[in-house]
Amino acid sequence: MATIFSRIVAGEIPSYKVAENDKFYAFLDINPLAKGHTLVIPKREVDYFFDLTDEEIGEMQIFAKQVAEAIKKAFPCIKVGQAVLGLEVPHAHIHLVPMQSERDMLFSNPKLKLTAEEFAEIAEKISKEIVCRN
Ligand code: 5GP
């Protein structure tokens, strides 16, 4: 059965898309730690991040870098933090979270409750800043 993230890529489940190319897809986390918290996924369905090929990890990281740069412009922060967990959804993904302090990366923190309008506005703000170099 397709993962929830594959169903998002296929458009069967809605998402707040930030960026996309032929191999990767970036969209807002539905339970964000901060405004701009984004997930980057490969379109190829692989559960464990480190089961991706070397080439896929390299390309995914470059794509994530472009998304992180856009997040930082849209939501000024000290740095954009990156984390790979993957215990909830069995489809490899990178979390990108704008950080004002180290504590912003604690996944045990309470998540933001945002309206559909707020999510749409955030996604648009980030997507406008994407500079694709490949
Ligand atoms: P992890 O697998 O890295 O522990 O966490 C999965 C992340 O995916 C969580 O932060 C969760 O909020 C997010 N997530 C789970 N289901 C959905 C969904 O249907 N849509 C979106 N946008 N995010 C989701």
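Scroll up a little and you will see the structure.
A quick note: this is a predicted structure, and the numbers were derived from the prediction, not measured.

## Considering the site of the ligand
- Surveying the vicinity of the ligand reveals 16 residues, the closest of which are Leu28, Asp29, Glu88, His93 and His95.
- For the ligand, whose free accessible area comes to 520 Å², the fraction covered by protein is 88%.
- The set of elements that each furnish at least two residues to the shell around the ligand consists of α1 (4-9) and β2 (24-28).
- Broken down by element, the shell around the ligand gets its largest block of residues, three residues, from α1.
- Residue composition of the shell around the ligand, by class: 10 nonpolar, four polar and two charged.

## What about helix α3 (residues 116-129)?
- If you check α3, its first and last C-alpha atoms are 21 Å apart, about what 14 residues at 1.5 Å a residue would give, namely 20 Å.
- Looking at α3, one finds that the buried residues are Phe119, Ile122, Ala123 and Ile126. Taken end-on, α3 shows its buried residues confined to a sector of 95 degrees, consistent with a single buried face. In α3, the exposed positions that point more than 90 degrees away from the buried face belong to Glu117, Glu121 and Lys128.

## Topic: the environment of Pro76
- Of note, Pro76 is situated in the loop between α2 (54-74) and β4 (79-83).
- Residue Pro76 is classed as exposed on the basis of its relative accessible area of 63%.
- Separated by 22 residues in the primary sequence, Pro76 and Pro98 place their C-alpha atoms 7.7 Å from one another.

About the cut-offs
Residues numbered from 1 in each chain as written. Predicted model: local features only at pLDDT ≥ 70, side-chain atom pairs only at ≥ 80, totals over all residues. Heavy atoms only, no water. Near = heavy atom within 4 Å. Areas by Shrake-Rupley, 256 points an atom, 1.4 Å probe, with all protein chains shown as cover. Helix = DSSP H or I, 4+ residues; strand = E, 2+ residues; numbered from the N terminus. Nonpolar A, V, L, I, M, F, W, Y, C, P; charged D, E, K, R; others polar. Expected span 1.5 Å × (residues − 1). Buried < 20%, exposed > 50% of the residue type's maximum accessible area, 1.4 Å probe, protein only. Arc of directions from axis to C-beta.

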